Amino acid sequence: MTKRILIIVAFVLGTISTVQSQEIAENALGVRIGDNDGFGAEVSYQRALSGNNRLEFDLGWRDFDGGNIIKLAGIYQWVFNLDKGFNWYVGPGGGIGFVDFDNDFPGDDSSDSFFFIAGDIGIEYNFDIPILISLDVRPEIGFGDFVDDDLDFDIALGVRYQF
């Protein structure tokens, strides 16, 4: 009787762990294209930490009416499976940015730096080939003279190669 119970418990635990397991890649590299105050693109790298969490690092450029911004962001993400290959994720993060203002007068260009805290929530699909597409929203609160402590919503589409 005891052997039967142990076998049943082992089977149930094995089934639950299989259902809950994630299929996230060890590494993913690609681009993230989006818009908050201006159109831009980012080189994006994801590194798995375990079966259902990872780090994402993005280095990007944004263009807006008054100049250009270069940003470096780091996000910690928890990944949850919705269906085969279809996941959603959420997590906190932050980063730094550098802005270069375009002024109309020669020699009157100015620049500034800022830092920000961010959140991230999105959905992704893992194809049978090593391609991942994602759509996410990243609310950001910036701190510095340029950003005036405002809230921006960075919405972006990502395409990454998984390896």
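What counts and how
- Residues numbered from 1 in each chain as written.
- Predicted model: local features only at pLDDT ≥ 70, side-chain atom pairs only at ≥ 80, totals over all residues.
- Heavy atoms only, no water.
- Pairing = 2+ DSSP bridges.
- Helix = DSSP H or I, 4+ residues; strand = E, 2+ residues; numbered from the N terminus.
- Axes fitted to C-alpha atoms, helices over the stretch in contact; angles between N-to-C directions.
- Buried < 20%, exposed > 50% of the residue type's maximum accessible area, 1.4 Å probe, protein only.
- Contact = heavy atoms within 4.5 Å.
- pLDDT = per-residue confidence, 0-100.
- Polar contact = N/O pair within 3.5 Å; in protein donor to acceptor, adjacent residues only side chain to side chain.

The strand order S1-S2-S3-S4-S5-S6-S7-S8 describes a closed barrel built from eight strands, whose pairing is antiparallel. Strand after strand, the sheet turns through a mean of 25° between neighbouring axes, direction not considered. Both strand S5 (residues 86-101) and strand S6 (residues 110-126) contribute to a ladder of 16 bridges, which runs antiparallel. Residue valine 90 lies in a different strand from S6, and its bridge partner there is isoleucine 121.

The residue isoleucine 70 is located in strand S4 (residues 67-83) in this model. By relative accessible area, which is 46% here, isoleucine 70 ends up partly exposed. The spatial distance from the C-alpha of isoleucine 70 to the C-alpha of valine 99 is 6.5 Å, given a sequence separation of 29 residues. When neighbours within four sequence positions are excluded, isoleucine 70 is seen to be in contact with Leu59, Gly60, Ile96, Gly97 and Phe98.

Right, let's talk about the confidence of the model for the protein chain for a bit. Summarising the model, the protein chain shows a mean pLDDT of 84, and 79% of its residues fall at 70 or more. Under a pLDDT of 50 for its full length, residues 12-21 has, in the predicted model, zero contacts with residues more than four places off or in other chains.

Along the chain, the position of serine 134 falls in strand S7 (residues 131-143). Looking at serine 134, its side chain comes within polar contact range of the side chain of arginine 160, at 3.0 Å. Those residues within four positions of serine 134 in sequence are excluded, and the remaining contacts are Tyr89, Ile123, Glu124, Ala156, Leu157, Gly158 and Arg160.

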